[in-house]
Structures are given as structure tokens and as C-alpha cells.
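Here's the letter readout for the chains.
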Amino acid sequence: MTARLLDGKALAEKIQDRLKVEIAELQPDRGRAPGLAVLMVGDNPASAAYVRNKERACERLGMVSFGQHLPATATQAELTAIIHQLNADPNVDGILVQLPLPEGLDGNALLLEIDPDKDADGLHPANLGRLVRGEPCLRSCTPAGVMEILRDGGIDPAGKKAVVVGRSILVGKPIALMLLEANATVTIAHSRTPDLAAVCREADILVAAVGRPLMIGPDYIKPGATVIDVGINRITDQTGKGKLVGDVDFDRLLDVAGAITPVPGGVGPMTVTMLLANTVESYRRRLA
Ligand SMILES: NC(=O)c1ccc[n+]([C@@H]2O[C@H](COP(=O)([O-])OP(=O)(O)OC[C@H]3O[C@@H](n4cnc5c(N)ncnc54)[C@H](OP(=O)(O)O)[C@@H]3O)[C@@H](O)[C@H]2O)c1
Ligand SMILES: Nc1nc(=O)c2c([nH]1)NC[C@@H]1CN(c3ccc(C(=O)N[C@@H](CCC(=O)O)C(=O)O)cc3)CN21
Ligand SMILES: [Mg+2]
């Protein structure tokens, strides 16, 4: 058996094509393009890949991206002032603060300052609270992208057992909530979970959001399970070349899993796409 490939990149392109048409239709009424502001502080390799891809996609769709790259020495007060400025800027529909922030800066405090209606990342407590309550809101991009990949792949979580490895606010927790909403029976595993491989082997749908290169091997997989790899890790291969890998040992899972996302080309491109979709949604609402 060879696992079916869940092609996040192709799905992302399809959704972005639709967004491009939607933007072109809305723009004459609005008199401006949708605007996305990205605040990046210091240097983080996973963030850098994300920023690059967002800027490229914004351009492709006819959106304006307002990038702000600050040195790691930026202060909490400076960042707060920038957020307030973006909240007040009528050309900005979406605001995203790249996480993690450098040592000494308080990301949670900063997220609180973002206008919840411009919170394209869905990380403000108002949006996370609505997600918990099952109400409409701007939803975290990576989890929303995972749900789209499952839907597009014809994989209905209802009645299935899902295991999410990782419990971050950015990824693990909101994915678990969305799978629950889709009627899966959900387990959240983390660094204190004993016998992780046995817990994962129970899963019909396994989501890895850990940040440990190739950690999930064949012994973690129930034959035929769906495997979603959220991890983005930069490693150096035997020849000394830099390479992007997930948390899942993709090559060794191919003849065990039923369906699997690759890295690159899986969840990453869908995260970018859901961010753009959230920004367009906020643009549509702001000017309706
Ligand atoms: N593809 C995308 O679009 C996308 C988006 C966001 C993030 N990412 C990537 O996804 C990964 C996770 O990101 P994150 O922000 O969620 O990271 P994070 O905040 O560091 O959270 C990692 C989680 O994994 C758990 N963990 C760590 N080591 C473990 C182990 N040995 N066994 C079981 N659980 C373990 C941690 O458990 P504790 O809570 O107990 O510490 C924590 O809950 C990273 O590689 C990141 O770059 C990708
Ligand atoms: N506030 C915030 N929200 C996020 O979603 C987020 C952060 N911060 N910080 C960094 C992580 C990592 N994220 C990523 C990382 C990579 C891609 C991405 O586009 N990956 C592509 C290509 C990578 C490449 O080859 O350069 C992929 O195919 O996986 C997307 C989101 C999103 N993440
Ligand atoms: Mg990916």
C-alpha cells in the first residue's frame, strides 16, 4: 500500500485563485486593495520562510502587504505603538505578529493589543474564545488550513479518533478544538505524555505539531491512518545542505499511512492561504 498524497500546495493555489477573483470583484466598490500587515521582530528561520511566502502570495492576489521588520532590540512599548497605529490605519485589514518573539518581549501582551476584527491570525482571546464556543470568528490559520486539507481529501473526522501531538495556542489547541467541532474523538498529547507511540497508534487521524524533525516514525502509525504534518524544521543533510523537513518521517510512513501531507508542500502553503482568506474576510466586513 502506498499512502495517498494530500497536496496542500495544489489546494492552496486553487483557493488563492478564487480569492484573487473575489478581490478583483470587491475592489471597485472599496476603492482600495485588501491590506495585510506583518510584524516581524528579530530573525527566526521558520518565520522567515513564512514571511517570504506571504509577500509573494499577496502580490499574486493583488493585496497590499505592509511588512515591518524590527531588530531583536525593539522594545515592548515600540511594538505596542506600531500595533495601535495599524489598528487605526484604514488601509490595513489584517495584522499578524510573527511568533515566537525574541527573548524579553511579551507576545501574549502584544496579541491583546490587536483589534480582534483585524486579527488575521485568530490569536486574540476574543477570537479564541469564540472558537471554543463554536461561534463564527477569525480562525487560526494553520488549524483552519488542516481542516481544509481534510475536507478536500474527503476525510471526514466525524466518528474518528484523532490524536494531536502538541498543545500550543498557535497550533495544537485550536486544531484539537476544530477536530472536536467536526465530531472526532480527540486526544491531545504533549511532552509529558507517557508512551506517545502507543497513544498515536490509536489515531485514525494523527496531527503532528511538535517542532522535532522526523520524530514520528512508522511505529506511531495505525496502518491506513491519515497523517498531517504541521512541523517545519530546517535541518542540515549529510552533504551539508540546508533542508526543510516536518515532524513526520515521511519516506518511512509512505507504506503504512493511508494519506499523508508532505513538507514542504503540505500544511505550510495552506497556512499562508488561510491568512489571506481571513484578511479578505475582514476587508469584506469592514467595508460592507
Ligand atoms: N506549517 C505551518 O504552517 C506551521 C505553522 C505554525 C507552526 N509550525 C511548525 O509546527 C511546529 C510546532 O509549532 P508550535 O508553535 O506549536 O511549537 P511549540 O509552541 O514549541 O509547541 C510544541 C508542542 O510540542 C510538544 N512537544 C515537544 N516535544 C515533544 C515530545 N518529545 N513529545 C511530545 N510532545 C512534544 C510541546 O509539549 P509541552 O507543551 O509539554 O512543552 C508543545 O506542546 C514547529 O515546527 C513550527 O515551526 C508550522
Ligand atoms: N503569528 C504566527 N502565526 C503563524 O502561523 C506562524 C508564526 N507566527 N511563526 C512561524 C510559524 C511557521 N509558519 C509557517 C512556516 C512555513 C510556511 C510555508 O509557507 N512553508 C512552505 C514553504 C517553505 C519553504 O520552502 O520556504 C511549505 O511548503 O511548507 C508557512 C507557515 C507559520 N507560523
Ligand atoms: Mg508543509
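Calculation rules
- Residues numbered from 1 in each chain as written.
- Chains lettered and ligands numbered in written order.
- Predicted model: local features only at pLDDT ≥ 70, side-chain atom pairs only at ≥ 80, totals over all residues.
- Heavy atoms only, no water.
- Axes fitted to C-alpha atoms, helices over the stretch in contact; angles between N-to-C directions.
- Helix = DSSP H or I, 4+ residues; strand = E, 2+ residues; numbered from the N terminus.
- Parallel < 35°, antiparallel > 145°, perpendicular 65-115°, else oblique.
- Contact = heavy atoms within 4.5 Å.
- Nonpolar A, V, L, I, M, F, W, Y, C, P; charged D, E, K, R; others polar.
- UniProt positions renumbered as here; feature names shortened; annotations may be inferred.
- Expected span 1.5 Å × (residues − 1).
- Buried < 20%, exposed > 50% of the residue type's maximum accessible area, 1.4 Å probe, protein only.
- Pairing = 2+ DSSP bridges.

At a minimum axis separation of 11 Å, helix α1 (residues 8–30) and helix α6 (residues 141–152) run at an interaxial angle of 100°. Compared by their axis directions, α1 and α6 come out roughly perpendicular. Contacts between α1 and α6 involve G8, L11, K14 and I15 from the former and E148, I149 and D152 from the latter. Looking at the contact of α1 with α6 residue by residue, the class counts come to three nonpolar, one polar and three charged.

Let us now look at the UniProt feature "domain: Tetrahydrofolate dehydrogenase/cyclohydrolase catalytic" (unreviewed entry) in the protein chain. As annotated in UniProt, the feature "domain: Tetrahydrofolate dehydrogenase/cyclohydrolase catalytic" (unreviewed entry) corresponds to residues 6–121 in the numbering used here. Between the C-alpha atoms that bound residues 6–121 there is a distance of 23 Å. The span itself is 52% helix and 16% strand.

For the rest of this paragraph, the subject is helix α10 (residues 267–286). The end-to-end C-alpha distance of α10 is 28 Å, a good match for the 28 Å that 20 residues give at a rise of 1.5 Å each. In terms of burial, α10 is largely enclosed, as 14 of its 20 residues are buried.

Once that is clear, we can look at the sheet that holds strand β3 (residues 64–70). The sheet built from three strands is open, its strands ordered β3-β2-β4 with parallel pairing. Each edge of the open sheet is held by one strand with a lone partner, namely β3 and β4 (94–97). The sheet shows a mean angle of 15° between the axes of neighbouring strands, direction not considered. Direction of pairing for strand β2 (residues 35–41) relative to β4: parallel, over a ladder of four bridges. Of the residues in β4, the one forming a bridge with V38 is L96. The strands that helix α3 (residues 76–88) touches are β2, β3 and β4; relative to β2, the one it contacts most, it runs at about 180°. Each of β2 and β4 is contacted by α10, which is oriented at about 130° to β2, the strand it contacts most.

A few words on the sheet that holds strand β5 (residues 161–165). Pairing is parallel in the open sheet, where six strands are placed in the order β1-β11-β8-β7-β5-β6. The open sheet is flanked by β1 (4–5) and β6 (185–189), the only strands paired with a single partner. Bridge analysis of β5 against strand β7 (residues 205–208) gives four bridges, and the strand direction is parallel. Among the inter-strand pairings, A162 is bridged to a residue of β7, identified as I205.

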